[in-house]
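The chain contents come next:
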Amino acid sequence: MDKVEFEFVKDGPILVKRGEKVEFALCRCGHSTKKPFCSGAHIAAKFNAEASKLEIKE
Ligand code: FES
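In this report, the structure presented in the accompanying data block is examined. Owing to the predicted nature of the structure, the values given are computational and were not obtained by experimental measurement.

## Topic: the pattern of salt bridges
The final tally for this structure, using the stated rule, is 7 salt bridges. One salt bridge connects Lys17 with Glu7, and the closest N-O pair in it is separated by 2.6 Å. Placement of the pair is Lys17 in strand β2 (residues 14-18) and Glu7 in strand β1 (residues 4-8), with a sequence separation of 10 residues. Glu7 shares its class with Lys17; the two are buried.

Below is the structure:
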């Protein structure tokens, strides 16, 4: 089974990846119009957050 990775994009959403494929992007700024998914509203909101990654392997 592919690993699942959560990529916390600098100043942006959480990309949920399986292998190299992005499955979806979760909002972490609180301003999305499509919660729980990212709508791109973090740009206008000038969301500021660090980048990081979390991998889950089976
Ligand atoms: S992170 Fe993109 S709209 Fe919230």
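## Some details on the sheet that holds β1
Taken together, the 4 strands give an open sheet; going across it, the order is β3-β2-β1-β4, and neighbouring strands pair in antiparallel fashion. Edge strands, defined here as strands with exactly one partner in the open sheet, are β3 (21-26) and β4 (52-56). Across the sheet, the axes of successive neighbouring strands diverge by a mean angle of 20°, strand direction being ignored. Pairing geometry for β1 and β4, over 5 bridges, is antiparallel. Counted as the bridge partner of Glu7 is Lys53 from β4.

## A short note on the side chain of Lys17
Among the residues examined, Lys17 registers a relative accessible area of 15% and is labelled buried. Apart from residues lying up to four places away in sequence, Lys17 is in contact with Lys3, Val4, Glu5, Glu7, Val22 and Glu23.

Calculation rules
Residue numbers restart at each chain and count upward from 1, following the sequence in its written direction. For this predicted model, a pLDDT threshold of at least 70 governs which residues receive local features, and a threshold of 80 or more governs which side-chain atom pairs are given and counted, while totals over whole chains, interfaces and linings are taken from all residues. As a rule here, side-chain values come from all non-hydrogen atoms in the structure, and water together with hydrogens is ignored. Salt bridges are identified by distance alone: a Lys or Arg side-chain nitrogen within 4 Å of an Asp or Glu carboxyl oxygen. Put simply, DSSP marks the helices as runs of H or I at least four residues long and the strands as runs of E at least two long, and each gets a number from the N terminus on. Each residue's exposure class comes from its accessible area (1.4 Å probe, protein chains only) as a fraction of the maximum for that residue type: buried when under 20%, exposed when over 50%, partly exposed otherwise. Any two strands are treated as partners once DSSP identifies two or more bridges connecting them. Axes here refer to lines fitted to C-alpha atoms; in helices the fit is confined to the stretch in contact. Angles between the N-to-C directions go from 0 to 180 degrees. Only heavy atoms enter the contact rule, under which two residues are in contact if any of them lie within 4.5 Å.

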